[in-house]
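The lines below spell out each chain.
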Amino acid sequence: MIEINKLNARIYSKLGQSGAAFGVGLIEALNTSADIIVLSADMSSTAGLDRFKTMNPNLFYNVGIAEQNLVGIAAGLSSEDKKVIITAQAAFVSMRSCEQVRQYMGYMHSNIIAIGIGAGFALTFFGNTHYAIEDISIMRSIPGITVLSPSDAGQAAKAIVAATELNAPVYIRFTGTMNCPVVYTEDYDYKIGESICVNEGRDITLIATGSMVYNSIKAAKILEEEGIFVRVIDMHTIKPIDTKVLKDSIDSKLFVSVEEHNIIGGLGTAISEFIVSESGFPPLLRLGVMDKFSHPGDYAYLLEQHRLQPEQIAEDILIKYKSIL
Amino acid sequence: MPNMEKYNYLKEISHKLRLRILELTYGVKKSGAHVGGGLSCVEILATLYGSVLKYDINNPLDKSRDRFILSKGHSAIALFSALEQVGFLTKEELDQFEMNGSPYYAHASRNLLKGIEFSGGSLSLGLSFAVGVALACKRDNLNNHIYVLLGDGECDEGLVWESLMSAAHFNLNNLTVIVDCNGLQSDGYTLDIMNHSSLADKFKAFGFNVHDIDGHDLNELQRVFDLKDTENPNAIIAHTVKGKGVSFMENDKRWHHGVLSLNEYELAISEQK
């Protein structure tokens, strides 16, 4: 079990989501699931798998820069009752091998945990070929795949453990860079499908995922200074989405979704799909990547372009909130 | 089984497979079936199911069984016919071919209890899957063998070559890839559409132990299936004729997926001896 405390939360954060998941979570997962095999498309060092590989050389295969074959080999291993974790860059595992994910993980229901590293804008100066702003949308639309998006490095470690216990196809996207912000400094229950309220507030419900949970908490603090109280939800599971928390928040005057993903097809869309078929929900402001490619730069510069920094999130919420009062 | 007796047995299976493929094709009427590529791999499937593969229809989940993965998924009509011949499927089950809701349609869907290892349809995905299966069986020290059937048109797909490279890299000597080289694909001759030049040379260059044979010659098929390399993955480049055994279908791309009229059906059946 991964237990979060102040000290290890800081250490995990240094490793980033991927480093913590593969360097700590995966090694923990081995204690409960002996027959785990890890495959990578030439991304093991980048992903933080070196410690795992050194400890368990027989449990790892590098299939080369071949994401399609990565998923196919994983499916073959899975069909022989192996628990398989695959990792490649989020852009490539979700798009280069999209059909393989659909066929093997979706249609054939192979129990593969596919981990997309460097999702969102994590790959900064590599540019748009390496940004993954569509992966949630793609994975979410394939029947039978659970989609996770951890909010900090410690949660990434918890997510990989939980995914190995699920016995179902799972996609996990890792966002943020090394030294990513810490959302949780104390231990908590992580359950796939059950979101976590990280800030209470009666006026607005802000539903965030991945890297945007931390920025949303900061935005909520800014709004609090304006006398607006914001409930912040860490929607770490995007599929199946936690509809209970949405229902519980129905008395808010405004819903806001925040994600480091295109505003089409991601978290905001998933929320809207639920609330449009129910009555009594407040309007939903969807914040995310503004349906356009970006000018490459550092991480902060990229978030700024899409108004995803805490101050910008707070500003945009304030404008919307005032317009509906 | 002595050689001659085995030959006659495999010939008899091949004959029955052709009859059944034609019957099923006629049975689905205007929705048509992938009859041409089904007929080209008849001897390959007859040899595999009649002689080469280790399986037990009463114990279909036996870990040590050989695996047969149909990567050229549109030849499911031939696979189903073979599975019926050896008892995995009943006649009544296969008579449901391409009826609404039937599990047996143009492409097979994985069902181990019925001897179906893979959900085919999307070309090249069976080979990549087979590499993973072969890797798993080696890890588990199973003394079995994994056979995959590809089409030559299928070799246009990039994933085929990723998979072949990885099979050799992981020393999968428990894998045999058979290519049903019938020389035709949906739009015409493979030579015109995407010329692979020599597939045998390409497979050799990718690290395979290669046999280049007549894919309708039951003796040759039997011989090369027995010649497995102990170090490298194996490949059988089986030269075949699309629509084999039906004069008006042979080497005619229109029978990649075709509809049989009653007259054509009767003529086709009359040619089977």
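Owing to the predicted nature of the structure, the values given are computational and were not obtained by experimental measurement. Per chain, residues are indexed from 1 in the order of the written sequence. The lettering of chains begins at A and the numbering of ligands begins at 1, in the order of writing. Residue-level local features of this predicted model are given only where pLDDT is at least 70; pairs of side-chain atoms are given and counted only at 80 or more, and the full residue set underlies all totals for whole chains, interfaces and linings.

A. Spotlight on the overall build of chain A. On a plain count of helices and strands, chain A comes out with 13 helices and 12 strands. The globule rule is 2.2 Å times the number of residues to the power 0.38, and the radius of gyration it is compared with is taken over C-alpha atoms. Taking 20 Å as the expected radius of gyration for a compact globule of 325 residues, we find that chain A reaches 19 Å, a close match to that expectation. Along the three orthogonal principal directions, the C-alpha set of chain A runs to about 60 × 40 × 35 Å. A residue is called partly exposed when the number of other C-beta atoms within 10 Å of its own lies between 12 and 20, exposed at 12 or fewer, and buried at 20 or more, with C-beta atoms placed from the backbone. A buried classification covers 57% of the 325 residues belonging to chain A. Going along the chain from the N terminus, every DSSP run of H or I of four or more residues is numbered as a helix, and every run of E of two or more is numbered as a strand.

B. Summary view of the environment of I241 of chain A. Residue and element names in this part refer to chain A. Tracing the backbone through its elements, the reader meets I241 in the loop between β10 (237–239) and α10 (243–248). Given 21 C-beta atoms within a 10 Å radius, I241 is considered buried. Residues I241 and L77, spaced 164 residues apart in sequence, show a C-alpha to C-alpha distance of 29 Å. By the convention adopted here, residues make contact when the C-beta atoms placed from their backbones lie within 7 Å. In this structure, I241 is in contact with M235, A270, I271 and F274, ignoring residues within four places of it in sequence.

C. How the structure looks around the environment of G176 of chain A. Residues and elements named next belong to chain A. In this structure, G176 sits in the loop between β6 (170–173) and β7 (196–199). For G176, a count of 27 C-beta atoms within 10 Å gives the class buried. Linking G176 and M212, residues 36 residues apart in sequence, is a C-alpha distance of 9.1 Å.

D. Spatial organisation of the nonpolar core. I86 of chain A together with L45 of chain B are the most contacted members of the largest nonpolar core, which has 193 residues in total. Both domain 1 (6–173) and domain 2 (196–324) of chain A contribute no fewer than three residues apiece to this core. Discounting chain neighbours no more than four positions away, the residues touching I86 of chain A are L39, L70, V71, A74, I112, A114 and I115 of chain A. The term nonpolar core refers to a group of buried residues, namely Ala, Val, Leu, Ile, Met, Phe, Trp, Tyr and Cys, whose C-beta atoms join them within 7 Å. An automatic or database domain assignment supplies the residue ranges for each domain.

E. Summary view of helix α8 (residues 153–166) of chain A. Residue and element names in this part refer to chain A. Between its first and last C-alpha atoms α8 spans 20 Å; for 14 residues at 1.5 Å apiece the expected length is 20 Å, and the two agree. All of the buried residues in α8 are A153, G154, Q155, A156, A157, K158, A159, I160, V161, A162, A163 and T164. Close packing links the buried residues of α8 with α1 (6–32), β1 (36–40), β3 (83–89), β4 (112–117), β5 (146–148) and β6. Take the number of residues in a helix, subtract one, and multiply by 1.5 Å to get its expected span.

F. Highlighting the interface of chain A and chain B. In this assembly, 18 residues from chain A lie in contact with 18 residues from chain B. At the level of secondary structure, the elements contributing two or more residues to the side of chain A that touches chain B comprise α4 (67–79) and α6 (98–107) of chain A. Tallying contributions element by element places α4 of chain A first for the side of chain A that touches chain B, with nine residues.

G. Region of interest: the pairing of strand β9 (residues 230–234) of chain A. All names here are of chain A. Extensive coverage of β9 is indicated by the burial of five of its five residues. Side-chain alternation along β9 places V230, V232 and D234 on one buried face and R231 and I233 on a second face that is also buried. Should DSSP find at least two bridges between two strands, the strands are taken to pair. Both β7 and β9 contribute to a ladder of three bridges, which runs antiparallel. Bridged to C197 within β9 is I233. In this structure, strand β8 (residues 204–208) lies alongside β9, joined through five bridges in parallel fashion. Each residue of the ladder has a partner; that of I207, found in β9, is I233. Taken together, β8, helix α9 (residues 212–225) and β9 form a β-α-β motif whose crossover is right-handed. We call a crossover right-handed when, viewed with the strands running away from us, the connection from the first strand over the helix to the second turns clockwise.

H. Structural view of the sheet that holds strand β6 (residues 209–214) of chain B. Residues and elements named next belong to chain B. On the basis of which strands lie adjacent, the open sheet formed by five strands has the order β1-β2-β3-β7-β6 and parallel pairing. Looking at strand neighbours, the two that pair on one side only are β1 (67–70) and β6, the edges of this open sheet. Along the sheet, successive strands turn relative to each other by an average axial angle of 20°, direction set aside. Of the pairings in the sheet, the one linking β1 to strand β2 (residues 146–151) comprises four bridges and is parallel in character. Within β2, the residue paired with L70 across the bridge is L149. Under this scheme, a helix contributes an axis fitted over its contacting stretch, all axes are lines through C-alpha atoms, and angles between N-to-C directions fall in the 0 to 180 degree range. Across the sheet, helix α10 (residues 218–225) is in contact with β6 and β7 (234–239); its angle to β6 comes to roughly 170°.

I. Seen up close, the sheet that holds β5 of chain A. Residues and elements named next belong to chain A. One open sheet accounts for seven strands, arranged β2-β1-β3-β4-β6-β5-β10; its pairing is mixed. A single partner strand is all that each edge strand has here, and the edge strands are β2 (60–62) and β10. Sheet twist, expressed as the mean angle between neighbouring strand axes with direction ignored, is 20°. Sheet topology note: the β3/β4 ladder contains six bridges and is parallel. The residue bridging Q89 from the neighbouring strand is I117, located in β4.

J. Local environment of the domain arrangement of chain A. Residues and elements named next belong to chain A. In terms of domains, chain A is made up of domain 1 (6–173) and domain 2 (196–324). Using only C-alpha atoms to locate each centre, domain 1 and domain 2 end up separated by 26 Å. Listed per partner, the contact involves 22 residues of domain 1 and 27 residues of domain 2. All residues other than Ala, Val, Leu, Ile, Met, Phe, Trp, Tyr, Cys, Pro, Asp, Glu, Lys and Arg, Gly among them, are scored as polar; the first ten of these are nonpolar and the last four charged. Split into classes, the residues belonging to the side of domain 1 that touches domain 2 amount to nine nonpolar, nine polar and four charged.

K. Examining unusual backbone geometry more closely. Between K239 of chain A and the following residue, P240 of chain A, the backbone shows a cis peptide bond with an omega angle of 0°. For P240 of chain A, the position within the fold is in the loop between β10 and α10. In this structure, D42 of chain A is a non-glycine residue whose phi angle is positive, near 55°. By the C-beta count within 10 Å, which is 15 here, D42 of chain A ends up partly exposed. Its identity as a non-glycine residue notwithstanding, N141 of chain B has a phi of 55°, on the positive side. If you trace the backbone, N141 of chain B turns up in the loop between α6 (125–139) and β2. With 6 C-beta atoms packed within 10 Å, N141 of chain B lands in the exposed category.

L. Main features of the pairing of β8 of chain A. Residue and element names in this part refer to chain A. Of all the five residues making up β8, five are buried; the element is thus mostly covered by neighbouring parts of the structure. The alternating pattern of β8 places I204, L206 and A208 and T205 and I207 on opposite faces, both of which are buried. Taken together, the five bridges between β8 and strand β11 (residues 254–262) define a ladder with parallel strand orientation. When the bridges of β11 are listed, T205 appears paired with F255.

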